[in-house]
Amino acid sequence: MIEISDSAARKIRDMAVQHQVDQAGVRVMVVGGGCSGLTYDMDFEHEEREGDVVVERDGVKVFVDPMSLAYLEGTRIDFVETFSY
């Protein structure tokens, strides 16, 4: 199963407000491309598609298609801010 942290859910909600997106949901995808053959992508999403796995935390939904789930099983989505100079 995929897990979403409290801080990631808050950041998704904040970004949805910033970008004037009505529903705070994201689609997480694994797509072909890049040096290793796969890249990871996230984008705002409004609704579930057939076959999606949906994980929800504090009103924020994460949508994952079945092919991507095979690569993302056990993933924890988190958001951390750090200070660097």
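Report follows, based on the coordinates. (Residues numbered from 1 in each chain as written. Predicted model: local features only at pLDDT ≥ 70, side-chain atom pairs only at ≥ 80, totals over all residues. Heavy atoms only, no water.)

Our focus in this paragraph is the pattern of salt bridges. Under the counting rule described, the total for this entry stands at six salt bridges. Among the salt bridges present, the one from E45 reaches R27, with a minimum N-O distance of 2.7 Å. Of this pair, E45 sits in the loop between β3 (38-44) and β4 (53-57) while R27 sits in strand β2 (residues 25-32); the two residues are 18 residues apart in sequence, bridging distant segments of the chain. For the pair E45 and R27, one class covers both residues: buried. Shared partners join several salt bridges into a network, and the residues in it are R27, E45, R49 and D52. (Salt bridge = Lys/Arg side-chain N within 4 Å of Asp/Glu carboxyl O. Helix = DSSP H or I, 4+ residues; strand = E, 2+ residues; numbered from the N terminus. Buried < 20%, exposed > 50% of the residue type's maximum accessible area, 1.4 Å probe, protein only.)

Buried residues dominate β2, accounting for six of its eight residues. Direction of pairing for β2 relative to strand β5 (residues 60-64): parallel, over a ladder of four bridges. In the sheet register, V26 faces β5, and the bridge partner there is V62. As paired elements, β2 and β3 share seven bridges and run antiparallel to each other. (Pairing = 2+ DSSP bridges.)

Quick look at the nonpolar core now. If you look at the biggest cluster of nonpolar residues, it comprises 18 residues, and the most contacted ones within it are I2, I4, V28, V62 and V64. If you list the elements that add at least two residues to this core, you get α1 (6-18), β2, β5 and α2 (66-72). The leading source of residues in this core is α1, at four residues. Contacts of I4, omitting those with residues within four sequence positions, involve A9, I12, V55, R57, V60, V62 and I77. (Core = buried A, V, L, I, M, F, W, Y, C linked by side-chain atoms within 4.5 Å. Contact = heavy atoms within 4.5 Å.)

Here we have four strands laid out as an open sheet, ordered β3-β2-β5-β4, and mixed in their pairing. Every other strand in the sheet has two partners, leaving β3 and β4 as the edge strands with one partner each. On average, adjacent strands in this sheet sit at an angle of 20° to one another, irrespective of strand direction. (Axes fitted to C-alpha atoms, helices over the stretch in contact; angles between N-to-C directions.)

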